[in-house]
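Structural overview for review
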Amino acid sequence: MLISQEYKAQWGSAKKAFFKFVFSYFVLYIFLMFFSGFVKGPTRWFGGLLGINYSYEASGYGSGDNTYAYATLFMNFILAIVIALLWIVLDSKRKSYNQLMYWFIVVLRIFLIFFMFTYGFVKVIQLQFPYPSLTRMMQPLGEFSPMGLAWTYLGYSKGFNLFMGIMEITGGLLLIPRRTSTLGAFVTMGVMIHVAVMNFMFDIPVKIFSVHLTLMALFIFSTDIKRFINVFINNKPTEAYEFFNPINDKTYHRVIFWTKLTLTIVLIGLFLMRGYGNDKSKNSKKPYLYGIWEVTHFIKENDTLPRLVTDKNQWRYLIIDRKDRATIKMMDDKKYNYTFKPDSISKKAALYAPGERNETPNFTYELLNSETLKLNGEIYLYNHEIILKRKNLDSLLLYSRGFNWINERPFNR
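Every chain is numbered independently, its residues counted from 1 as its sequence is written. A pLDDT threshold of at least 70 governs which residues receive local features in this predicted model, and a stricter bar of 80 or more applies before side-chain atom pairs are shown or counted, although totals over entire chains, interfaces and linings include all residues. Hydrogens and waters are ignored; side-chain quantities use all the structure's heavy atoms.

In the annotation of an unreviewed UniProt entry, the entry for the protein reads DoxX family protein, and the organism field reads Croceitalea marina.

Given below as structure tokens:
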């Protein structure tokens, strides 16, 4: 029943039925991925049939595994079965689907190439998994979500990002020429299995999509699997396939070749330009007063408060690692994000909760020396004077411990 890219004038009934379901399922999946917002009504109605009786959003807020996505997936599956059954009944006399199969694989290859390039380059230029922020460095491990732990683990190593990205890009590149598409599908399948397993094990909400990319690559690879089995499993010689080619015109193939080459170069160029811009902004984006500032004295209305871990209203750290942003970590380890805009000329700063629109400076600050900062201002109607000392970032082992060729013993802390 396996579908092969080898030309066959006559397909068996089981093979035709299987192709009709796979074709219907993946075409519907790709369509609904881009246009699911236009079928909210039918999808919610279908969700009701599945017993989903609670309120849920279609957007998912960045999650690809939300309730709406699962309702869409089940609707996709049922519709594919219905379409395949109708297709079997209404078109039972057709002997083969060589031409439709050819263009179907072309569509799957284009879909995979686009996302292998997208995911590959955002790893190479380290946009998907950024290096852990100072705020993240100061977060206890037990407070990490599984996804946060995975993002921090992957973001720590630029080399590992490069490796993952290059493998994904390699899979995409190999999928472009037809003659290497089987190898490209094999590489893509291996890479995406790793991604899918990580998504499941670390509760990353891209499980549905990563599984479908894996299945698409598996389908393309399966259409040429007979030769793979002959060589790598049965240790037998294999023969060349007579691939179906709907257009034999040499000019057409020459145009397609140059179109592929041009689009590939343009796409790679765009990603490299984006990566260059990202590196440039990284090098220039360290904000003024960057660092982890530990509070040594917290003075409220001229009263120096004792440094008690039970005091939930007292600062412990002021963490500045992004422009116009700061994180305040309290004595009870709760974190709060603030707008923080210091003016190096007037020595004034605006410090407000994110929901507050007012950006009028409400603090003055003074650098007593390169390592000591003094803030004076009003917080929640009380005047405060706060003295902070810059923390030596090399004291953070994750920050300072780099790569070592030689390790006399495991450095596992």
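Note on geometry: axes are C-alpha line fits, over the in-contact stretch for helices, and angles between N-to-C directions span 0 to 180 degrees. Labels follow the DSSP assignment, with helices taken as runs of H or I lasting at least four residues and strands as runs of E lasting at least two, numbered in each case from the N terminus. Where helix 8 (residues 181-201) meets helix 9 (residues 207-222), the axes come as close as 8 Å, and the angle between the chain directions of the two elements is 155 degrees. On the basis of the axis angle, helix 8 is roughly antiparallel to helix 9. Here the hand of the crossing between helix 8 and helix 9 comes out left-handed. Across from S181, T182, A185, F186, T188, M189, M192, I193, V195, A196, N199 and F200 in helix 8, the residues of helix 9 making contact are K207, S210, V211, L213, T214, A217, L218, I220 and F221. Across the contact of helix 8 with helix 9, the residue classes break down as 14 nonpolar, six polar and one charged. An angle counts as roughly parallel when it lies under 35 degrees, as roughly antiparallel when it exceeds 145, as roughly perpendicular when it falls between 65 and 115, and as oblique in every other case. Handedness of each helix crossing follows the sense of rotation of the near helix against the far helix: counterclockwise by less than a right angle gives left-handed, clockwise gives right-handed. The contact definition used throughout considers only heavy atoms, calling two residues in contact when any of these lie within 4.5 Å. For this classification, Asp, Glu, Lys and Arg are treated as charged, while Ala, Val, Leu, Ile, Met, Phe, Trp, Tyr, Cys and Pro are nonpolar and the rest, including Gly, are polar.

Before going further, it helps to examine the nonpolar core. We define a nonpolar core as any set of buried Ala, Val, Leu, Ile, Met, Phe, Trp, Tyr and Cys residues linked to one another through side-chain atoms lying within 4.5 Å. In this scheme, a residue with accessible area under 20% of its type's maximum is buried, one over 50% is exposed, and one in between is partly exposed, where area comes from a 1.4 Å probe on protein chains only. One finds F19, F104, L108, L213, M216 and F219 to be the most contacted residues of the largest nonpolar core, which totals 42 residues. At the level of elements, helix 1 (13-35), helix 3 (67-90), helix 4 (98-124), helix 7 (158-175), helix 8 and helix 9 are the ones that each hand at least two residues to this core. Sequence-distant contacts of L108, defined by excluding residues within four places in its chain, comprise F26, I30, M216, F219 and I220. Within the second largest apolar cluster, 23 residues are counted, among which are I320, F363, Y365 and L373.

UniProt positions are given in the numbering used here, feature names are shortened, and annotations may be inferred rather than shown by experiment. Within this numbering scheme, the UniProt entry marks residues 21-39, 68-90, 102-122, 159-176, 183-202 and 255-276 as carrying the feature "transmembrane region" (unreviewed entry). A helix fraction of 94% and a strand fraction of 0% characterise residues 159-176, whose end C-alpha atoms lie 26 Å from each other. Summarising residues 183-202: 95% helix, 0% strand, and an end-to-end C-alpha distance of 29 Å.

In this section: a nonpolar patch on the surface. Patch definition: residues with relative accessible area over 30% and no salt bridge; like charges joined within 9 Å; nonpolar side chains (Val, Leu, Ile, Met, Phe, Trp, Tyr) joined within 5 Å. Computed with a 1.4 Å probe, the accessible areas rest on the Shrake-Rupley method; for each residue, only the protein chains presented here act as cover. Think of a salt bridge as a Lys or Arg side-chain nitrogen and an Asp or Glu carboxyl oxygen that are within 4 Å of each other. Side chains of F77, I78, V82, L86, V89 and L90 sit close together on the surface and give an oily, nonpolar patch of about 590 Å² of accessible area. As for its placement among the helices and strands, V89 is situated in helix 3. Accessibility expressed as a relative area gives 63% for V89, which makes it exposed.

Bringing helix 9 into the picture now. Each full turn of the α-helix corresponds to 3.6 residues, which orients residues three or four apart in the same direction. Multiplying one less than the number of residues by 1.5 Å gives the expected span of a helix. Its 16 residues place the ends of helix 9 22 Å apart at the C-alpha level, agreeing with the 22 Å of an ideal helix rising 1.5 Å per residue. Among the 16 residues in helix 9, 13 count as buried, and that is most of the element.

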